[in-house]
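# Topology and contacts: notes
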Amino acid sequence: MKEQLIFEKSRTGRKGYTLPDADVPVANASDLIPKNLLRGDKAELPEVSENEVVRHFIKLSTLNHHVDKQMYPLGSCTMKYNPKINEKTAALSGFANLHPHQRPETAQGALKLMYELTEGLREVCGMKAVSLQPAAGSHGELTGLFLIRKYHEKKGNPRKTILVPDSAHGTNPASAAIAGYDVITVKSNEHGLTDMADLKAKLNADVAGMMITNPNTIGVFESQILEIEKLLHDNDSLLYMDGANMNALLGVARPGDMGFDVVHYNLHKSFSTPHGGGGPGCGPIGVSERLVEFLPVPRIEKKTEAGKEVYFFNYDKPDSIGRMMGFFGNFGIMVRAYTYLRMHGAKGLRRIGENAIINANYLLSQLRGAYDLPFDEPVMHEFCLSGDRQKAKGVKTMDIAKRILDFGFHAPTVYFPMIVHEAIMIEPTETESKETLDLFIDVMLQIANEVETNPELVLGAPYTTPMKRLDDAYAARNINVKYTPKPEEVEA
Ligand SMILES: *Cc1c(COP(=O)(O)O)cnc(C)c1O
């Protein structure tokens, strides 16, 4: 059946609302609004009834895949279930109706929550201090790199380069470039870890720092981290941890103990706040002693006044890099992450880390025979397969990803990291049950079998989605965010 647009369902005069008769005099908009501000034509809006509006949006919400619908094994993105209690606390009127210009004396509860969230995050990663300001992981990267720049600047030379492994997420080199650094790529070795000889060859007095993801983007723990830390610090180069994979370390290991100087937290990954949708996000950073004085202002602090604890914003930090966000960051997201931290506590966080690792290893144990495994190393919370074997039969990883959609699962991350051919990167997260994992395993095994017996079937996928294959890159390559008026509108 052909999808009908809501505009096609429109019938003149049909209404989605009923208002009582006005009890004040009624006036025409054209009598109140200057003529040049009035539109010439009626707005092109569909005229539909209330239930058609509701069905329209409910239907749209189910056409989109989301984690409330089924597992979302998108590697590196940690698409864990977002507990609904987070939404409940964030909607409490004392939080939801706060005004950012309110005086801190009148918002002590909110400030206390922010303070305790920084303390909780600080503890989880073993850092010296935390800022909640950055609006995303990548924004945390930029903030962290500004701190590193300031650290070197204060010593008289900002230095020129940032080292980034070839397995890194694209935001790492992008953030380094925006922070004014040249990016030098460090190779991975046959275990998917940092190639130490290559690192030593590239480490010199120009290196401001190195960005490392640990566990890295193929899910392997960087076991040489202490050696790397010593090499860098002996050279007065700082160490940045991309904390996107923090889900594997929660309650188990801490970046601060490994000697990292900055780590960003992706609250929407490890701490169960909503992902994306263009909405507000939060990517706090934690720092070591070396960088505390440079953190963005305002810093949230606590003092005792007349025997009472008082929370306040401290702007008096002469060496701060300044602000990275309007006001104090995205507060509603902080409430959700705080709820998650408090719901789990220290023991619960450790179980999150352990179960994320168990789930990934279970999936890997069941899939390793059916797909290639380019780096056969002990994995943490995610792992990376290769579709090379299937490609030899004419079926690419993209085809496999599309076929997965037919079974109601979101596809894993594909073609990333770039060091793996035909990469299929799978991260189940701790929130999936064994039964769901088993369903996903069945799907992956069935598709591997289809590639052998009926590749045409996989090449024609997906069959169950409203659209088949879109041009994934078209919108990004042909950006048009500007409304172009029709010629007759320009004349008028
Ligand atoms: C998600 C991710 C990022 C970027 O984080 P955002 O919050 O999406 O900006 C950086 N590095 C890695 C490894 C990631 O998975």
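This is a predicted model, so every value here is computed, not measured.

Where helix α13 (residues 331-367) meets helix α16 (residues 434-453), the axes come as close as 10 Å, and the angle between the chain directions of the two elements is 30°. With respect to their mutual orientation, α13 and α16 come out roughly parallel. Read as a crossing pair, α13 and α16 show a hand that is right-handed. Along its contact with α13, which presents N359, Y362, L363, Q366 and L367, the element α16 presents K434, L437, D438, F440, I441, M444 and L445.

The next point concerns the packing of aromatic side chains. Summed over the entire model, instances satisfying the criterion amount to seven aromatic pairs. In this structure an aromatic cluster arises from ring pairing among Y265, F271 and Y340. A cation over a ring is seen here: R149 above Y181, with NZ or CZ 4.6 Å from the ring centre. The side chain of K303 reaches across the aromatic face of F312, ending 4.4 Å from its centre.

Glancing now at the site of the ligand. The full set of residues close to the ligand is S76, A136, G137, S138, E141, H169, T171, D242, A244, N266, H268 and K269. Between N266 and the ligand, the recorded distance is 3.0 Å, taken from a side-chain N or O atom to an oxygen atom. Burial of the ligand by the protein chains amounts to 88% of its free accessible area of 380 Å². Listing elements by their share of the shell around the ligand, those giving two or more residues are α7 (137-154) and α12 (267-270). A per-class count over the shell around the ligand returns two nonpolar, seven polar and three charged.

The next thing to look at is the pattern of salt bridges. Counting across every chain of the model gives 30 salt bridges. Across the pair R14 and E52 runs a salt bridge, and its minimum N-O distance is 4.0 Å. Here R14, found in the loop between α1 (6-9) and α2 (29-32), pairs with E52, found in helix α3 (residues 50-63); they are 38 residues apart in sequence, far enough to count as distant. With a shortest N-O distance of 3.0 Å, E430 and K80 are connected by a salt bridge. One end of the pair, E430, is in the loop between β12 (423-426) and α16; the other, K80, is in the loop between α3 and α4 (84-90), and 350 residues separate them in sequence. No difference in accessibility class separates E430 from K80, as the two residues are buried.

Here we come to the nonpolar core. Counting residues in each nonpolar core, the largest one holds 54 residues, and the members touching the most others are L121, M210, Y265 and F271. Secondary-structure elements contributing two or more residues to this core are α6 (108-125), α9 (196-202), β4 (207-213), α10 (225-234), β5 (238-242), β9 (308-314) and α13. In terms of residues, this core owes the most to one element, α13, which gives eleven residues. Apart from the residues lying within four places of it in its own chain, the contact partners of L121 are V130, L132, Y265, L267, F271, P284 and L341. Core analysis: the next-biggest nonpolar cluster, separate from the first, contains 26 residues, F383, I400, I441 and M444 among them.

As for its placement among the helices and strands, M325 is situated in the loop between β9 and α13. Along the primary structure M325 and N359 are separated by 34 residues, whereas in three dimensions their C-alpha atoms are 37 Å apart. Not counting residues within four places of it along the chain, the set of residues in contact with M325 comprises Q133, A135, H139 and N330.

Helix length check: α13 (37 residues) gives 41 Å between terminal C-alpha atoms against 54 Å at 1.5 Å per residue, more than 12% under. At G345, α13 shows its strongest bend, of approximately 95°.

Cut-offs and rules
- Residues numbered from 1 in each chain as written.
- Predicted model: local features only at pLDDT ≥ 70, side-chain atom pairs only at ≥ 80, totals over all residues.
- Heavy atoms only, no water.
- Axes fitted to C-alpha atoms, helices over the stretch in contact; angles between N-to-C directions.
- Helix = DSSP H or I, 4+ residues; strand = E, 2+ residues; numbered from the N terminus.
- Parallel < 35°, antiparallel > 145°, perpendicular 65-115°, else oblique.
- Left-handed = near helix turned anticlockwise from the far one by under 90°.
- Contact = heavy atoms within 4.5 Å.
- Phe/Tyr/Trp six-rings, centres within 6.5 Å; stacked < 30°, edge-to-face > 60°.
- Lys NZ or Arg CZ within 6 Å of the ring centre and 35° of its normal.
- Near = heavy atom within 4 Å.
- Polar contact = N/O pair within 3.5 Å; in protein donor to acceptor, adjacent residues only side chain to side chain.
- Areas by Shrake-Rupley, 256 points an atom, 1.4 Å probe, with all protein chains shown as cover.
- Nonpolar A, V, L, I, M, F, W, Y, C, P; charged D, E, K, R; others polar.
- Salt bridge = Lys/Arg side-chain N within 4 Å of Asp/Glu carboxyl O.
- Buried < 20%, exposed > 50% of the residue type's maximum accessible area, 1.4 Å probe, protein only.
- Core = buried A, V, L, I, M, F, W, Y, C linked by side-chain atoms within 4.5 Å.
- Expected span 1.5 Å × (residues − 1).
- Bend = angle between axes of the 7 residues up to and from the residue.

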